[in-house]
Amino acid sequence: MLTAINIKMQIERYELKTGRNLTIFEFISQGSKGEIVKLIQFVPTNYKNLYNLAFGDSDPTTGKINDIVVSNNGDTELVLATVVSAVYLFTDRYPEAWVHATGSTMARTRLYRMGITKYLLEAIVDFDIYGQIDDDWEIFRKGVSYDAFVVKKKLRNFDL
């Protein structure tokens, strides 16, 4: 059963629904094409504490993520902000998790890079962010075309 979740963020986003383990999220995109159910899932990989971020429309027949379809619902900013809020919630619950993301197409990967770039100053306060070029990883830099991204919540030490 999914329950509603709201978190405080500086940017507008859609309301998320999720279950207790916070690995699958659902929200409704509202735009020029109507209401479209979107899914976000954090899928464990073969590497300890590494999760793949899967994202796309909910296939009406299977209920699974379709990451190929292009919705063009006119709400890209809201959708990306909502995905970011899911990353915050997931990494709050699993602070040791590394989240890997890449687009299903080069254009989508570029869109993700543009989103990270737009909010980089805010994001680096809370996350370590890396970009992949071929087989190498580096600290995310603006203007660099990456193949994939990983983020990890920064651990805070509040000892006084």
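A brief structural summary. Once a new chain begins, its residue numbering starts again from 1 and follows that chain's sequence as written. This being a predicted model, a pLDDT of at least 70 is required before a residue's local features are given, and a value of 80 or more before pairs of side-chain atoms are given or counted; all residues contribute to the totals for chains, interfaces and linings. For side-chain calculations, the full set of non-hydrogen atoms in the structure is used, while hydrogens and water are omitted.

1. Details of unusual backbone geometry
Link 1 in the chain: Not every positive phi belongs to a glycine, and N49 is a case in point at roughly 65 degrees.
Link 2 in the chain: Although it is not a glycine, D134 adopts a positive phi angle of roughly 55 degrees.

2. Things to note about the nonpolar core
Link 1 in the chain: In this structure, F25, I40, F42, L53, F55 and I129 are the most contacted members of the largest nonpolar core, which totals 32 residues.
Link 2 in the chain: With 8 residues, the single largest contributor to this core is helix α1 (residues 76-93).
Link 3 in the chain: It only takes one pair of heavy atoms within 4.5 Å for two residues to be counted as in contact. Excluding its chain neighbours within four sequence positions, the residues that come into contact with F42 are L22, T23, F25, Y51, N52, L53, A86, V87, F90 and V99. The criterion is simple. A nonpolar core is a set of buried Ala, Val, Leu, Ile, Met, Phe, Trp, Tyr and Cys residues joined through side-chain atoms within 4.5 Å. Accessibility here uses a 1.4 Å probe with only protein chains present; expressed as a share of the type maximum, an area under 20% marks a residue as buried, one over 50% as exposed, and anything in between as partly exposed. Segments assigned H or I by DSSP are reported as helices when at least four residues long, segments assigned E as strands when at least two residues long, and all are numbered from the N terminus.

3. Description of the pattern of salt bridges
Link 1 in the chain: Here, a salt bridge means any Lys or Arg side-chain nitrogen found within 4 Å of an Asp or Glu carboxyl oxygen. One pass over the full model with this rule turns up 5 salt bridges.
Link 2 in the chain: Across the pair E77 and K118 runs a salt bridge whose closest N-O atoms are separated by 3.0 Å. One end of the pair, E77, is in helix α1; the other, K118, is in helix α2 (residues 106-118), with 41 residues separating them in the sequence.
Link 3 in the chain: Looking at K118, the relative accessible area reads 49%, which means it is partly exposed.
Link 4 in the chain: The closest approach of N and O atoms between E96 and K152, which form a salt bridge, is 4.0 Å. Of the two residues, E96 is situated in the loop between α1 and β7 (98-101) and K152 in strand β10 (residues 148-153); the sequence distance between them amounts to 56 residues.
Link 5 in the chain: For E96, a relative accessible area of 41% gives the class partly exposed.
Link 6 in the chain: On the basis of relative accessible area, K152 is assigned to the buried category, the value being 10%.

4. Section: the pairing of strand β5 (residues 50-58)
Link 1 in the chain: For strand β4 (residues 34-44) and β5, the ladder comprises 7 bridges, and the chain directions are antiparallel. Among the inter-strand pairings, K38 is bridged to a residue of β5, identified as D57.
Link 2 in the chain: A loop of 5 residues connects β4 with β5, the two strands running antiparallel in sequence, and N49 in this loop sits at a positive phi of about 65 degrees.
Link 3 in the chain: What makes two strands pair is DSSP finding at least two bridges between them. Examined bridge by bridge, β5 and strand β6 (residues 65-66) share 2 bridges and lie antiparallel to one another. Pairing of S58 across the sheet is with I65, part of β6.

5. Focus: the packing of aromatic side chains
Link 1 in the chain: Stacked, tilted and edge-to-face pairs are distinguished by plane angle, under 30 degrees for stacked and over 60 for edge-to-face with tilted covering the rest, among Phe, Tyr and Trp rings (Trp via its six-membered ring) whose centres lie within 6.5 Å. Summed over all chains, the structure comprises 12 aromatic pairs.
Link 2 in the chain: Judged by centre distance (5.9 Å) and plane angle (85 degrees), the ring pair of F25 and F42 falls under edge-to-face. Taken together, the residues span a long stretch of sequence, with F25 in strand β3 (residues 24-31) and F42 in strand β4 at a distance of 17 residues.
Link 3 in the chain: Judged by centre distance (4.9 Å) and plane angle (80 degrees), the rings of Y88 and F127 are edge-to-face. Separated by 39 residues along the polypeptide, Y88 in helix α1 and F127 in strand β8 (residues 127-133) bring together distant segments of the chain.

6. Some points on the side chain of K153
Link 1 in the chain: As for its placement among the helices and strands, K153 is situated in strand β10.
Link 2 in the chain: Look past the residues within four positions of K153 in its chain and what remains in contact with it is Y88, T91, D92, P95, A97, D126 and F127.

7. A few points about α1
Link 1 in the chain: One less than the number of residues in a helix, times 1.5 Å, gives the span that helix is expected to have. An ideal rise of 1.5 Å per residue puts 26 Å on 18 residues; α1 measures up with 26 Å between its terminal C-alpha atoms.
Link 2 in the chain: Among all positions of α1, only V79, L80, A81, T82, V83, S85, A86, V87, Y88, L89, F90 and T91 are buried.

8. Things to note about α2
Helical geometry note: an α-helix holds 3.6 residues per turn, so side chains three or four residues apart project in the same direction.
Link 1 in the chain: With 13 residues, α2 extends 18 Å from end C-alpha to end C-alpha; this agrees with the ideal 18 Å at 1.5 Å per step.
Link 2 in the chain: Within the span of α2, buried status applies to R108, T109, Y112, R113 and I116. Angular distribution of buried residues about the axis of α2 spans 145 degrees; they occupy a single face of the element. What the arc describes is the spread of directions from the helix axis to the C-beta atoms.

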